[in-house]
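Each chain, written out:
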Amino acid sequence: MRQIIIIGSGPAGYTAAIYAARANLSPLLIASAVEAGGELMKTTEVENYPGFAEGIQGPELMMAMQAQAERFGTEIVLDDVVKLELEGEVKRVTLGNGDVHEALTVVFATGSAYRKLGLEDEERMSGHGVSWCATCDGFFFRQKTIAVVGGGDSAMEEATFLTKFADKVIVIHRKDTLRASKTMQDRAFANPKIEFLWNKEVAHIYGDELVTGIGVVDTVDGTETTIDLDGLFIAIGADPRTHLVHGQLDLTSEGTVAVDGRSSRTNIPGVFAAGDVIDPTYRQAVTAAGSGTVAALDAEHYLAALPQELLARAASQPATV
Ligand code: NDP
C-alpha cells in the first residue's frame, strides 16, 4: 500500500508529485497509457508559463516536470486507470493491465477531454481529415485548405499554427465575435492566410476516405452552404474527465469535481482533486500546477493526522496487491 497515488500527468499531477515526493510520501503517479503529459503535449509554444522568458515548447515543459517529479522519487506508471474504489480508509486503483494499487490518499488530476461537435461522421473521419490536434496533424495539410471550428484561444492558436502548413485556414465560429483573448485575436486577424466565417455551424462532413468538404448552416438565417476543403480541426473547448468517479465524488453544476472552498478536498476523506478537473474557469497550465500543489499539501496534512499503525502499513506492504 502507498501513502499517495496521483492520477494524471498534466501540470496538476506532476506538481502534486513533486511536492509529495519532496515530502517523502513516495508517490505513485498513473500517467495514462497513450497520452502521458496531458494536453500540453499537443501544444506548441507556451508563452505564459512564468520563468520561461522566451517561451517553451509544451512537450518540453511537460518532460521537465516529469523529470523533476522523478528526481525526488516519484514512480510513474504508463497505464490507464479503469476503476477507482475511493470509500474507506484504503483506496483501490485498478489499472488497464489488471494491477490493483492501494493507497491512503488519492489525488485525482485527470484534466479535461476535447469536446466533439456531435456529428454523425466526426468519429468515422477522425484521422482522415478530422482532427483535434494541430500540432499532431498539421504536417499532413501542407498547401491544403482547412477549417478550424471555434472562437476561443484554442481555435486561434490552432488556426495560427496551421498557417505554417496550409495555404488557407478558415475559422468557423457560431457567433460574430470571438471569445479568445485580445492578443490571440489580433494575431489571427493579422495573419493573411486566415479567413473568418461568422455565424456558421458545421452540420455535415463530406468525404469517403478523406474529408473533401463540409456543410455549414448559418445561425442567423438557417441557409446551408458547402465548402470544399481537405481538413477540419475542432477546437471548441474541453470537458472535465470525471467518468471514473461518477457516483463517488460530488460534481458541480458545471461538471467539475466539487472541492471544499479553496482546498482540494472532495466529499470523500483522503481523496483530493486538482487541475482542470476542478476548474471550469481559468484552465491554465500555471493554475493547474498551483492546484496540484494545494492537493499535495492537503494530502500531506490528512496523512499526518492518520493513526500511526495505518501509516506503518503503507510503508511495509508491497506496492501492488
Ligand atoms: P473555450 O471554452 O474558451 O472556447 C470554446 C469555443 O468553442 C467558444 O468560442 C465556443 O463558442 C465554441 N464552441 C463550443 N461548443 C461549440 C459547438 N458545439 N459548436 C461550435 N462551437 C462551439 O475553450 P478553449 O479550448 O478555446 O480555451 C479553454 C481555456 O484554455 C481558456 O481559458 C483559454 O484562455 C485557455 N487557453 C489558453 C491558451 C493560451 O493562453 N496560449 C491556448 C488555448 C487555450 P461560444 O463563444 O459561442 O461559446
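Only a predicted model underlies this, so the values are computations on that prediction, with no experimental measurement involved.

Analysis parameters
- Residues numbered from 1 in each chain as written.
- Predicted model: local features only at pLDDT ≥ 70, side-chain atom pairs only at ≥ 80, totals over all residues.
- Heavy atoms only, no water.
- Domains from an automatic or database assignment.
- Contact = heavy atoms within 4.5 Å.
- Buried area = accessible area lost by both parts, 1.4 Å probe.
- Salt bridge = Lys/Arg side-chain N within 4 Å of Asp/Glu carboxyl O.
- Polar contact = N/O pair within 3.5 Å; in protein donor to acceptor, adjacent residues only side chain to side chain.
- Nonpolar A, V, L, I, M, F, W, Y, C, P; charged D, E, K, R; others polar.
- Helix = DSSP H or I, 4+ residues; strand = E, 2+ residues; numbered from the N terminus.
- Buried < 20%, exposed > 50% of the residue type's maximum accessible area, 1.4 Å probe, protein only.
- Near = heavy atom within 4 Å.
- Areas by Shrake-Rupley, 256 points an atom, 1.4 Å probe, with all protein chains shown as cover.

A word on the domain arrangement of the protein chain. Size of an interface, as often reported, equals the accessible area lost when the parts are brought together. Under the domain assignment, the protein chain is made up of domain 1 (2–114 + 238–316) and domain 2 (130–234). Each of domain 1 and domain 2 has a C-alpha centre, and these two points are 33 Å apart. Facing six residues of domain 1, the contacting portion of domain 2 comprises seven residues. Buried area between domain 1 and domain 2, summed over both chains or domains, comes out near 540 Å², and the portion from carbon and sulfur atoms is 57%. Three residues, K42, T44 and Y114, lead the burial of domain 1 against domain 2; their summed loss comes to 72% of the area buried on that side. Across the pair R187 and E47 runs a salt bridge whose closest N-O atoms are separated by 3.5 Å. At the boundary of domain 1 with domain 2, the tally comes to zero residue pairs in polar contact (both at pLDDT 80 or more). Among the residues making up the side of domain 1 that touches domain 2, the classes are represented as one nonpolar, two polar and three charged.

Structurally, S9 is set in the loop between β1 (2–7) and α1 (11–22). The exposure class assigned to S9 is buried, which follows from its relative accessible area of 6%. Reaching out from S9, the side chain makes a polar contact with the backbone oxygen of A31 at a distance of 3.0 Å. At 2.8 Å, the side chain of S9 and the backbone nitrogen of G37 are in polar contact.

Here we come to the site of the ligand. For the ligand, the set of nearby residues contains 18 residues, the closest of which are D153, S154, R174, K175 and R179. G152 has a polar backbone atom sitting 3.4 Å from an oxygen atom of the ligand. In the model, an oxygen atom of the ligand is placed 2.6 Å from a nitrogen or oxygen of the D153 side chain. If the ligand stood free it would expose 920 Å²; the protein chains cover 79% of that surface. Among the elements that take part in the shell around the ligand, helix α4 (residues 153–162) stands out by supplying three residues, more than any other. Among the residues forming the shell around the ligand, the class breakdown is four nonpolar, eight polar and six charged. Shared between two domains, the shell around the ligand takes at least three residues from each, and those domains are domain 1 (2–114 + 238–316) and domain 2 (130–234).

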